[in-house]
Amino acid sequence: QALDGTLREPAGKWALLVKLRGQEWVALAGLWQDYDAAERLLTAAIADYESVGDTPAAIRAGSKLCNVEWTVGRQVEALARGQQLLEIASTREPDERLAVLAATMGNAYFFAGNHERADELLSLALDLGESLGVPEAISRAFAGKGMRAMARDHPEEALAYTKHGLTIALDTED
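Procedures and definitions
- Residues numbered from 1 in each chain as written.
- Predicted model: local features only at pLDDT ≥ 70, side-chain atom pairs only at ≥ 80, totals over all residues.
- Heavy atoms only, no water.
- Helix = DSSP H or I, 4+ residues; strand = E, 2+ residues; numbered from the N terminus.
- Buried < 20%, exposed > 50% of the residue type's maximum accessible area, 1.4 Å probe, protein only.
- Contact = heavy atoms within 4.5 Å.
- Areas by Shrake-Rupley, 256 points an atom, 1.4 Å probe, with all protein chains shown as cover.
- Phe/Tyr/Trp six-rings, centres within 6.5 Å; stacked < 30°, edge-to-face > 60°.
- Axes fitted to C-alpha atoms, helices over the stretch in contact; angles between N-to-C directions.
- Parallel < 35°, antiparallel > 145°, perpendicular 65-115°, else oblique.
- Left-handed = near helix turned anticlockwise from the far one by under 90°.
- Salt bridge = Lys/Arg side-chain N within 4 Å of Asp/Glu carboxyl O.

(A) Spatial organisation of the overall build of the protein chain. The secondary structure content of the protein chain amounts to nine helices and zero strands. Order of helices (α) and strands (β) in the protein chain, N terminus to C terminus: α-α-α-α-α-α-α-α-α. By residue count, 41% of the 174 residues in the protein chain fall in the buried class. Long-range pairs, those at least 24 residues apart, make up 49% of the contacts in the protein chain between residues at least 6 apart in sequence. As displayed, the protein chain has an accessible area near 9,500 Å², and 55% of this comes from carbon and sulfur atoms.

(B) The packing of aromatic side chains, seen in detail. The full count for this structure, using the stated rule, is two aromatic pairs. Relative to Phe 111, the ring of Phe 110 lies with its centre 5.2 Å away and its plane at 75°, an arrangement referred to as edge-to-face. Residue Phe 111 is classed as exposed on the basis of its relative accessible area, which comes to 54%. Both rings, one in Phe 142 and one in Tyr 161, keep their centres 5.6 Å apart while their planes meet at 35°; by these two values the pair is tilted. Here Phe 142, found in helix α8 (residues 135-151), pairs with Tyr 161, found in helix α9 (residues 155-172); they are 19 residues apart in sequence, far enough to count as distant. Residue class for Tyr 161 comes out partly exposed when judged on its relative accessible area of 24%.

(C) The arrangement of the side chain of Asn 107 in detail. Its location among the elements puts Asn 107 in helix α6 (residues 96-112). For Asn 107, a relative accessible area of 13% translates into the label buried. In contact with Asn 107, other than residues within four places in its own chain, are Leu 122, Arg 140, Ala 143, Gly 144 and Met 147.

(D) Summary view of the packing of helix α4 (residues 55-71) against helix α5 (residues 75-90). Running from amino to carboxyl end, α4 crosses α5 at an angle of 160°, the nearest separation of the two axes being 8 Å. In terms of their interaxial angle, α4 and α5 are classed as roughly antiparallel. Of the two elements, α4 crosses α5, and the hand of that crossing is left-handed. Facing Thr 55, Ile 59, Gly 62, Ser 63, Leu 65, Cys 66, Glu 69 and Trp 70 of α4, the residues of α5 in contact are Gln 75, Glu 77, Ala 78, Leu 79, Arg 81, Gly 82, Leu 85, Ile 88 and Ala 89.

(E) Seen up close, the pattern of salt bridges. Enumeration over the complete set of coordinates arrives at nine salt bridges. Of the charged contacts, one joins Arg 97 and Asp 95 as a salt bridge, the two residues approaching to 2.8 Å between their closest N and O atoms. We note a salt bridge from Glu 120 to Arg 117, for which the minimum N-O separation is 2.9 Å. Pair noted here: Glu 120 and Arg 117 are both in helix α7 (residues 115-132), with a separation of three residues, about one helical turn. The class of Arg 117 is partly exposed, set by a relative accessible area of 21%.

So this is what it looks like as structure tokens:
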């Protein structure tokens with residue numbers, strides 16, 4: 001609750017962004033304990049990032065909010081928010097955020113049953129991930145492609161994608 005008070009009294013753009021990034025991590029850490037608090041903090045972070053014109057940070061926080069919405073069973077809202085974030089991110093220079101978001105949304109669309117859209121986004125994630133050198137996007141996209149292959153009854157293809165995605169994730173984890 002102390003965070004909420006400090007967010008409303010920023011001492012300049014940089015102080016605000018530092019506090020917001022801290023808030024965002026608090027919200028992320030809280031995902032496993034208090035989804036309502038995580039949603040409230042991320043929603044506030046998005047509004048505050050937007051108020052200072054930090055679109056990339058708003059996209060990052062919005063992506064985390066999508067995860068919260070999905071986890072609490074609000075998949076329709078998560079997909080709509082994620083699609084909106086993809087549209088915003090697509091108007092900017094392609095970067096790591098877009099690559100990871102495309103992979104995340106590709107996997108979400110797979111679980112929602114929209115396999116065509118999943119394939120499009122997973123391919124975009126791989127294209128961006130490989131061209132920009134974003135291992136997280138590549139790993140997540142391979143995991144999604146592995147699920148797609150399994151759904152098409154191609155277990156060997158699924159295993160290849162999944163194993164290589166896991167290898168990339170483990171080789172690049174901090």
